[in-house]
Amino acid sequence: MPGLKENYHSIHGAIQESMHVFIEYGLREASKSIKDIRVLEMGFGTGLNAFLTLIEAEKQQILIDYTTLEAYPIEESIIGHLNYGIQIENGKWTEYFKKIHDAPWDSLTEISRGFSLIKVHASLLDFSSSDTFDLVYFDAFAPEVQPELWTAGVFENLYKMMNRGGILVTYCCKGYVKRNMQQAGFKTEKLPGPPGKREILRARKL
Ligand SMILES: C[S@@+](CC[C@H](N)C(=O)[O-])C[C@H]1O[C@@H](n2cnc3c(N)ncnc32)[C@H](O)[C@@H]1O
């Protein structure tokens, strides 16, 4: 992202952290009650969360409609160097990682039989949707870096776009972030973090 020296993922291991926060405490929790899940991701970035979600969906035989927002898509030259495909199960899913990145922006693409994707090239601050979501991956850069994305107003907007019973997960556990979520109407819980992080947050729309 222009002007920011932020890491897209934890230095403690991108795959491990995404699996812990978004798949374990987000997708696996949501899939206990629904098998056809509408996901909204804040921050497509390297596409890792989308990729891990597809793999999990294939294994669990659940259906995913995945909408992901990205204000500043990463450059083609960088995408070519991402090696998440080969890091997982000896490259078994690599073809899907490529398909996720090759999918055009702003149009619905079927990546696999159970996973359709729309990558929206827009800012979260301008985004609204008539669709409603069951699961939100809130994967913005840290609140110290982008405070405008972690406000009660932003969470209120997301709350309105979620179904009852919907879940929002994020790696951040700051007190004021939790209070902003509560102000928006969410019920929040702290959960154990991945290595290198003490706790994470999960919020529910009851
Ligand atoms: C922590 S990274 C996301 C990592 C990503 N989920 C992945 O799997 O690689 C945060 C992302 O949010 C994007 N971003 C920053 N401001 C944004 C905004 N206002 N709206 C949408 N995306 C934004 C950044 O460009 C960056 O790609």
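Residues numbered from 1 in each chain as written. Predicted model: local features only at pLDDT ≥ 70, side-chain atom pairs only at ≥ 80, totals over all residues. Heavy atoms only, no water.

Participant: Residue-level account of the pattern of salt bridges, with values.
Facilitator: Taken as a whole and assessed by the stated rule, the structure comprises 13 salt bridges. Across the salt bridge formed by Asp65 and Arg38, the nearest N and O atoms sit 3.6 Å from each other. Highlighted residues: Asp65 in strand 2 (residues 63-69) and Arg38 in strand 1 (residues 36-42), separated in sequence by 27 residues. Residue classification places Arg38 among the partly exposed positions, given a relative accessible area of 22%. A salt bridge links Lys98 to Asp102, with the shortest nitrogen-to-oxygen separation between them at 2.7 Å. On the criterion of helical spacing, the pair formed by Lys98 and Asp102 is a turn pair, its members being four residues apart in helix 5 (residues 94-102). Assessed through its relative accessible area of 51%, Asp102 is described here as exposed. Residues participating in the shared-partner salt-bridge network are Glu29, Lys32, Glu189, Arg202 and Arg204. (Salt bridge = Lys/Arg side-chain N within 4 Å of Asp/Glu carboxyl O. Helix = DSSP H or I, 4+ residues; strand = E, 2+ residues; numbered from the N terminus. Buried < 20%, exposed > 50% of the residue type's maximum accessible area, 1.4 Å probe, protein only.)

Participant: So what's going on with the pairing of strand 7 (residues 187-192)? Which residues, and what values?
Facilitator: Judged from the six bridges that link them, strand 7 and strand 8 (residues 199-204) form a sheet pairing that is antiparallel. From the neighbouring strand, Lys187 faces strand 8, where its bridge partner is Arg204. With antiparallel pairing between neighbouring strands as the criterion, strand 7 and strand 8 make up a hairpin whose turn holds six residues, including Gly196 at a positive phi of roughly 95°. (Pairing = 2+ DSSP bridges.)

Participant: Break down the sheet that holds strand 4 (residues 115-120) for me, citing the residues and quoting the values.
Facilitator: Strand order in the open sheet formed by eight strands is 3-4-2-1-5-6-8-7, and the pairing between neighbours is mixed. Looking at strand neighbours, the two that pair on one side only are strand 3 (109-112) and strand 7, the edges of this open sheet. Across this sheet, the average inter-strand angle for adjacent strands is 25°, counted without regard to direction. Contacts from helix 2 (residues 48-60) reach strand 1, strand 2, strand 3, strand 4 and strand 5 (133-138), with the element oriented near 175° to strand 2. Of the strands in this sheet, strand 1, strand 5 and strand 6 (162-170) are in contact with helix 6 (residues 152-160), which crosses strand 6 at around 135°. (Axes fitted to C-alpha atoms, helices over the stretch in contact; angles between N-to-C directions. Contact = heavy atoms within 4.5 Å.)

Participant: With reference to specific residues and values, describe the packing of aromatic side chains.
Facilitator: Tallied over the entire structure, the rule returns eleven aromatic pairs. Judged by centre distance (5.8 Å) and plane angle (85°), the rings of Phe44 and Trp105 are edge-to-face. Separated by 61 residues along the polypeptide, Phe44 in the loop between strand 1 and helix 2 and Trp105 in the loop between helix 5 and strand 3 bring together distant segments of the chain. Take Trp105: its relative accessible area is 29%, and that puts it in the partly exposed class. Over the face of the ring belonging to Tyr159 we find Lys205, whose NZ or CZ atom lies 4.6 Å from the ring centre. (Phe/Tyr/Trp six-rings, centres within 6.5 Å; stacked < 30°, edge-to-face > 60°. Lys NZ or Arg CZ within 6 Å of the ring centre and 35° of its normal.)

Participant: Which residues make up the environment of Glu58, and what values do they have?
Facilitator: Locating Glu58 in the fold gives a position in helix 2. Given a relative accessible area of 23%, Glu58 falls into the partly exposed group. Measuring from C-alpha to C-alpha, the distance between Glu58 and Leu40 comes to 18 Å, with 18 residues separating the pair along the chain. Those residues within four positions of Glu58 in sequence are excluded, and the remaining contacts are Trp93, Ser112 and Gly114.

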